[in-house]
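Working through the structure, step by step
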Amino acid sequence: MSPKSVYIVGHRNPDTDSIVAAAAYARLKQLLGKPEYAAIRAGKVLPQTEYIFDRFKVPVPQYIPDMIPKVGYFMSTEVRPVLGNTSLWNAVAEMEARKIKVIPVVNADGAYSALLNYNAFAQNILRAINPETATTMQTNIRLIGETLSAQTVFSFDEESLFKCVPIAASDTIPTFKETLALHTPENAVIVTGDREDVQEYAIECGVRALILSSGNQMDKELRKKAEKKKVSVLMSPYRTAETVMLVMYSAPASTMADTEVKPVHVWDPIRHVRPLLAESTSRALPVVDDAGTFVGLIAENDLLNDPNVELILVDHNEASQAPEGVEHYMIQEIIDHHRLGNIKTKMPITVINRPVGATCTIIVSLYKQNRVPIPKEIASILLCGILADTLGLQSATTTDEDRDTAEFLTNITDLDIEKLTRDIQKSASRIGDRAAIEVIHQDLKDYTENGVTFTVSQIEVDTAKELLSRKEEFLAALEKERIGRDALFSALMVTDVSKLKSNLLIAAKGNFLSLLEFPRREEGVYFLGDIVSRKKQLLPLLTEQLSRLK
């Protein structure tokens, strides 16, 4: 198994407070000496959030759309691959030393090439030594020397692969001549002892290499002839039969591995990979990244272990708002400022849930609690997170702790709250020609109350005129969203940050609209007045009206 990672993640459609809280809390964990903690996000970055991270030069957390079990969460990264030009002998020795049944073979750039397993090795080596066929296998002089631990007298073109034919020269010279005549001399590797007649004839024929077994040495005159004919000469410490066998094990691992085993991707869902593992001869598959680089190995028994990922949830605690698939992982902590939801955990965990205006306010308190100075760029985005979630400290959810925390952060960052609020709100109000469904999804939350489901999105604008002029398009998109989720209604709360007032666009099933007590501006559009907080103001009103429906 790989070392565990801990992902800190906000809700499915993260707003600025959610992503900033994750990024800032991950930095705190890292400053506390815990590099395995990392911030991720489960949704698209809002224009406002993108502006904040760009402005203060903080990397946006990695995008992981869901937590459905993936190969990367179960694979082992401890299996080191071998290069394709490693000798079969050394590759098998690696497998024996590590007590593993497979070993990946990679190219010089780390790209996966093949999988060496005992099954593939046995098939290929038996094919090479089959007495009914000509024994040939690819190798080069360097690999032969390494496998034999041979003393090289001299070698020529030692890196070039050739179709090696190892010949044990133990017969009489006439028989040896007949045997050699059956093969191309440039491919022949002659293994002999102290027989000078065999050595001389092999040199005259221009064989690829001459290997002297049992540490025998060559006569000086023959050595000169071999050098002139460019015949490589090596001295093996082993006897003739053993040397011939080891020559066959000098083949590159890439030529003896199974090239039919295709890799799986690090982000492939486990449900797709499980049947592939069952079909695999070795019950193991190599894992690659986007570039095709080998990054790990996954075996069937890895799926019996817990995933190598755990979670911390910030800015939410309801299963419907969490990234899909969180139920498969250990949740370490929940840090939130919303109502308590229905997420179940396997063990007791740390839960911090406080009635403040922004999760970022809680994160700042955790820096203080751990006596860790806040880096200036992190203090800057934390301040932005608080101002974004409290509408510049004007929302009904704003508390004295939010105000005090914002003031504390201005002392670190030297930022002006009013000016920064205007910059943040301006960046959030860009609608332009963005599709209605994109605007609805940028900050959407779904809820279940009194047995019915519904969604409420929110967008902050400088003026509601532009969006309301496209109300038909937005109402159609909301109806599509409602039908797709089989929800009672889908709504979009449009908050005018300059006037601190909101409008509600809503598409609903049946007669639900007739129960709404908000002032109706036109079909599907309602005036919410001073209601600017979805969490603290709008949601309780909708819950009350849902109870009447039931």
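In case you missed it, the structure is sitting above this.
In this report, the structure presented in the accompanying data block is examined. Note that the structure is a prediction, hence the values are computed from the model and not measured.

With that settled, consider helix α13 (residues 376-389). With 14 residues, α13 ought to run about 20 Å at 1.5 Å a step, and its terminal C-alpha atoms sit 20 Å apart, in line with that. Among the residues trailing α13, L391 stands out with phi positive, at a value near 50°.

This part covers the nonpolar core. Of all hydrophobic cores here, the largest spans 48 residues; its most connected members are I363, I381 and L382. Setting aside anything within four residues of it in sequence, one finds I381 in contact with V20, A23, I52, F53, F56 and V58. In this structure, V71, V273, L277 and Y329 belong to the second largest nonpolar core, which totals 39 residues.

Quick look at unusual backbone geometry now. Both trends apply: most residues other than glycine have a negative phi, and most peptide bonds are in trans. Even without being a glycine, S214 presents a positive backbone phi close to 55°. For S214, the location among the structural elements is in the loop between β11 (209-212) and α8 (220-228). The phi angle at D414 is positive, at roughly 60°, despite the residue not being glycine. Relative to the helices and strands, D414 resides in the loop between α14 (400-413) and α15 (417-428).

This brings us to the environment of Q442. Locating Q442 in the fold gives a position in the loop between α16 (436-441) and β19 (444-449). Owing to a relative accessible area of 11%, Q442 belongs among the buried residues under this scheme. Q442 has contacts with N13, P14, L46, P47, R434 and I459, leaving out every residue within four places of it along the chain.

Secondary-structure assignment places S87 in the loop between β4 (82-83) and α3 (88-98). A sequence separation of 358 residues divides S87 from K445, and the C-alpha atoms of the two residues are 58 Å apart. If we skip the residues at most four places from it in the chain, S87 touches L143, T147, Y249, S250, A251 and A253.

What follows is about the sheet that holds strand β6 (residues 112-117). Taken in spatial order, the three strands line up as β4-β5-β6 in an open sheet, and their pairing is mixed. Each having just a single partner strand, β4 and β6 make up the two edges of the open sheet. Note that β4 and strand β5 (residues 102-106) share two bridges and pair parallel. Looking at the pairing, V82 lines up with V105 of β5.

Assignment of secondary structure puts T421 in helix α15. Since its relative accessible area comes to 9%, T421 is described here as buried. Looking at T421, its side chain comes within polar contact range of the main-chain oxygen of I417, at 2.7 Å. Apart from residues no more than four positions distant in its own chain, T421 is found in contact with L387 and G392.

So, how was this worked out
- Residues numbered from 1 in each chain as written.
- Predicted model: local features only at pLDDT ≥ 70, side-chain atom pairs only at ≥ 80, totals over all residues.
- Heavy atoms only, no water.
- Helix = DSSP H or I, 4+ residues; strand = E, 2+ residues; numbered from the N terminus.
- Expected span 1.5 Å × (residues − 1).
- Core = buried A, V, L, I, M, F, W, Y, C linked by side-chain atoms within 4.5 Å.
- Buried < 20%, exposed > 50% of the residue type's maximum accessible area, 1.4 Å probe, protein only.
- Contact = heavy atoms within 4.5 Å.
- Pairing = 2+ DSSP bridges.
- Polar contact = N/O pair within 3.5 Å; in protein donor to acceptor, adjacent residues only side chain to side chain.

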